[in-house]
Amino acid sequence: QVQLVESGGGLVQAGESLRLSCAASGRTSRMYAMGWFRQAPGKEREFVAAIRWSDSTTYYADSVKGRFTISRDNTKNTVYLQMNSLKAEDTAVYYCAATTRWYSDYVRPSDYDTWGQGTQVTVSS
């Protein structure tokens, strides 16, 4: 079993940056990938970014390409989401997720076994 703890959310103005962190503990050796999703009020949870643990291959939603960067620190079992040039439409609760299964990509919520509690990101325009 893997446990995830997110941190780093907050309130920023449009154009500013934030970095989210997600620390994994437990059976982290079984993880194939970690990802970030977000959910705005009244909307479905949507994919943001993911990173495959074996080779650091990354995946991004089109809406965040060029602005967000996902990275990892193996020594800390932590994944980061650096968010630059934030927009009001990035406002959402951001969730970290981990999976112990292999997929060709990791863009669906159903690909993931474990979820963090979520952290609020609010971007004022």
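Quick note: structure is the one above.
Because the structure is a prediction, the values reported are computed rather than measured.

## A few points about the sheet that holds strand E7 (residues 68–73)
In space, the 4 strands of this open sheet follow the order E1-E3-E8-E7, with antiparallel pairing throughout. Across the chains shown, the open sheet's two edge strands, defined by having one partner strand only, are strand E1 (2–7) and E7. Each strand of the sheet is rotated relative to its neighbour by a mean of 20 degrees, with strand direction disregarded. Where E1 lies against strand E3 (residues 18–26), 6 bridges are found, and the strand directions are antiparallel. In the sheet register, Glu6 faces E3, and the bridge partner there is Cys22.

## Things to note about the side chain of Thr28
Following the sequence through the fold, Thr28 ends up in the loop between E3 and strand E4 (33–39). Given the relative accessible area of 13%, Thr28 is considered buried. Among residues more than four places away in sequence, those in contact with Thr28 are Val2 and Asn77.

Criteria and cut-off values
Residues numbered from 1 in each chain as written. Predicted model: local features only at pLDDT ≥ 70, side-chain atom pairs only at ≥ 80, totals over all residues. Heavy atoms only, no water. Pairing = 2+ DSSP bridges. Helix = DSSP H or I, 4+ residues; strand = E, 2+ residues; numbered from the N terminus. Axes fitted to C-alpha atoms, helices over the stretch in contact; angles between N-to-C directions. Buried < 20%, exposed > 50% of the residue type's maximum accessible area, 1.4 Å probe, protein only. Contact = heavy atoms within 4.5 Å.

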